[in-house]
Amino acid sequence: MHVQSGTRIDQAIIPGTRSRLEEGQSVDIILASDAHGAFVWGVLDRLLDEPNLVFSAVTASGFGAVEAAVLAYGLSLGGRRGARMALSNFWRRVSHASMFSIDRASLLRSILEQSIDIEQLRDERCPVKLGVLAVNAGTDAVKVFTGEQLSINAIVAAATVPFLSPPVEIDGDSYWGDGELSQLPPARSPKTSHRLIIAGRPSLFTTLCPDRSFSSTHCTTKCAPVHTIFDSQYRGGAALFARPWIDWGELTGLRDRGRQCAEGWLVADLFGIDERPAVGCRAQHI
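First, a word on scope: everything that follows refers to the structure included in this document. Positions within a chain are numbered from 1, following the residues in the order the chain's sequence is written. For a predicted model such as this one, the threshold for reporting local features is a pLDDT of at least 70, and the threshold for listing and counting side-chain atom pairs is 80 or more; totals across whole chains, interfaces and linings nevertheless cover every residue. Excluded from the side-chain calculation are hydrogens and water; included are all heavy atoms of the structure.

Brief notes about the packing of aromatic side chains
Point 1. Only Phe, Tyr and Trp rings take part, Trp by its six-membered ring, and two of them pair if their centres are within 6.5 Å. Stacked means planes under 30 degrees apart, edge-to-face means over 60, and tilted covers everything else. Evaluated as defined, the whole model comprises seven aromatic pairs.
Point 2. On the basis of an interplanar angle of 50 degrees and a centroid distance of 5.6 Å, the ring pair of phenylalanine 63 and tryptophan 91 is categorised as tilted. Here phenylalanine 63 is found in the loop between strand E2 (53-61) and helix H2 (64-97), whereas its partner tryptophan 91 is found in helix H2, with 28 residues between them in sequence.
Point 3. Each residue is assigned to one of three classes by its accessible area relative to the maximum for its type, calculated with a 1.4 Å probe on protein chains only: buried under 20%, partly exposed between the two thresholds, exposed over 50%. Taking relative accessible area as the criterion, phenylalanine 63 reaches 13% and is therefore assigned buried.
Point 4. The buried category is assigned to tryptophan 91, whose relative accessible area is 0%. Think of it this way: any DSSP run of H or I at least four residues long counts as a helix, any run of E at least two long counts as a strand, and we number them from the N terminus.

Following this line, the structure appears as structure tokens:
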């Protein structure tokens, strides 16, 4: 088992009103490639505090693919507590290993292998369905790896920064990251009532549902409403593993900011909105 039950989890205490989620509120989580990983950690950490929130699936591109895998693995083994512990342990490994490792390409793979069991995620009984987006380096076609297609290579490929690191070979083809989330179809599963995108900055990468026009107020196929939590202090910069050392204090600061953003979004009770204008099918920002 990769989740260490004895590890203490640092938790930011965020004041504010508790959200009013309905029991069994389900959500698909989508992690965009432009979000800083530690900010995403904070958002997920806060969402895991909500006992009524059910994670039905998690899809990710970029470095978010690694966090998505750790989240899904932690949930499958130990529920919410297991997921929070798995994410905390993962980030401690990242901060610690970055002080000593010179080969950044192998660093992420090594940490990932310590943090998850890929067979657990490939199992059809896994309660959270994981999907990672990678780009074919030869054709620029985006592929979503899920189910039996999931592998350590697929997750590492999704997190590989194009041209900064070489692509990863999978079944004779070469893949790397920055998969476009606009390639994802609208969520129409009856088990999914909402789709939540966690991103680094506001974006229009979510496309309007083809069954809804700007003149209508209802989607005929009842696609999932789309929400976005983004980092209001987003700063473009070097890729996470291109830096010589990843400071733990900086990581936890970003985590706490992510928790605050998620707290504000939950308190706004956006999940409580059952019907919204057509433009709401694009995204809801805070």
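Concerning the pairing of strand E4 (residues 142-146)
Point 1. By definition, two strands form a pair when at least two bridges between them are found by DSSP. Bridging between strand E3 (residues 129-136) and E4 involves five bridges; their strand directions are antiparallel. Within E4, the residue paired with alanine 134 across the bridge is lysine 143.
Point 2. Linkage of E3 to E4, two consecutive antiparallel strands, is achieved through a turn of five residues, within which aspartate 140 is found at a positive phi near 65 degrees.

Examining the pairing of strand E8 (residues 226-230)
Point 1. Judged by how many residues are buried, E8 sits mostly within the fold: five of five residues are covered.
Point 2. Residues Val226, Thr228 and Phe230 line one face of E8 and the alternating positions His227 and Ile229 line the opposite face, and both faces are buried.
Point 3. Both strand E7 (residues 194-199) and E8 contribute to a ladder of five bridges, which runs parallel. Within E8, the residue paired with leucine 196 across the bridge is histidine 227.

Digging into the nonpolar core
Point 1. Residues belong to one nonpolar core when they are buried, are Ala, Val, Leu, Ile, Met, Phe, Trp, Tyr or Cys, and are joined through side-chain atoms within 4.5 Å. In this structure, Ile29, Ile116, Leu121, Leu130, Val132, Ile155 and Ile198 are the most contacted members of the largest nonpolar core, which totals 67 residues.
Point 2. We call two residues in contact whenever any of their non-hydrogen atoms come within 4.5 Å of each other. When sequence neighbours within four positions are dropped, the list of residues in contact with isoleucine 155 reads Ala65, Val66, Ala69, Leu112, Ile116, Ile118 and Val132.
Point 3. Core analysis: the next-biggest nonpolar cluster, separate from the first, contains five residues, Ile30, Ala32, Ile197 and Ala199 among them.

Describing helix H6 (residues 248-267)
Point 1. One less than the residue count of a helix, multiplied by 1.5 Å, gives the span that helix is expected to have. For H6, spanning 20 residues, the distance from its first C-alpha to its last is 28 Å, which sits close to the expected 28 Å at 1.5 Å a residue.
Point 2. Those residues of H6 that fall on the buried side of the exposure criterion are Leu251, Thr252, Leu254, Arg255, Arg257, Gly258, Arg259, Cys261, Ala262, Glu263, Trp265 and Leu266.
Point 3. Residues of H6 that are buried make contact with helix H1 (37-47), H2, E7 and E8.
Point 4. Counting of polar contacts relies on pairs of N or O atoms within 3.5 Å, with two restrictions inside protein: one atom must be capable of donating a hydrogen and the other of accepting it, and residues adjacent in sequence are counted only when both atoms are side-chain atoms. The N-cap residue of H6 is aspartate 247: its side-chain oxygen and the backbone nitrogen of glycine 249 are 3.1 Å apart.

Points about the packing of H1 against H6
Point 1. Interaxial distance between H1 and H6 falls to 6 Å at its minimum, and their mutual angle equals 45 degrees. The angle between H1 and H6 falls in the class oblique. Of the two possible hands of crossing, H1 and H6 adopt the one that is right-handed. Within the contact between the two elements, H1 uses Ala38, Phe39, Trp41, Gly42, Val43, Asp45, Arg46 and Leu47 and H6 uses Trp248, Leu251, Leu254, Arg255, Arg257, Gly258, Arg259, Cys261, Ala262, Glu263 and Leu266.
Point 2. Here the contact of H1 with H6 is composed, by residue class, of 11 nonpolar, two polar and six charged. Angular values range over 0 to 180 degrees, each being the angle between N-to-C directions of two axes fitted as lines to C-alpha atoms, with helices fitted over their stretch in contact. Here roughly perpendicular refers to angles of 65 to 115 degrees, roughly parallel to angles under 35, roughly antiparallel to angles over 145, and oblique to all remaining angles. Left-handed is the label given to a crossing in which the near helix is rotated counterclockwise from the far helix by less than a right angle, and right-handed is the label when the rotation is clockwise. The classification used treats Ala, Val, Leu, Ile, Met, Phe, Trp, Tyr, Cys and Pro as nonpolar, Asp, Glu, Lys and Arg as charged, and all other residues, Gly among them, as polar.

As for the side chain of arginine 84
Point 1. Mapping arginine 84 onto the fold places it in helix H2.
Point 2. Engagement of the side chain of arginine 84 in a polar contact is seen with the side chain of aspartate 49, the distance being 3.4 Å.

Describing unusual backbone geometry
Point 1. Located in the positive-phi region is phenylalanine 163, a residue other than glycine, with phi close to 70 degrees.
Point 2. By the element assignment, phenylalanine 163 lies in the loop between helix H5 (152-159) and strand E5 (168-170).
Point 3. Here the phi dihedral of aspartate 171 falls at roughly 50 degrees; this positive angle occurs in a residue that is not glycine.
Point 4. Along the chain, aspartate 171 falls in the loop between E5 and strand E6 (173-176).

Quick notes on the packing of H2 against H5
Point 1. Two elements in contact, H2 and H5, have axes whose closest approach is 7 Å; the angle formed by their N-to-C orientations is 140 degrees. One finds that H2 runs oblique with respect to H5. Facing Ala65, Val66 and Ala69 of H2, the residues of H5 in contact are Ile155, Ala158 and Ala159.
Point 2. Tallied by class, residues from the contact of H2 with H5 come to six nonpolar, no polar and no charged.

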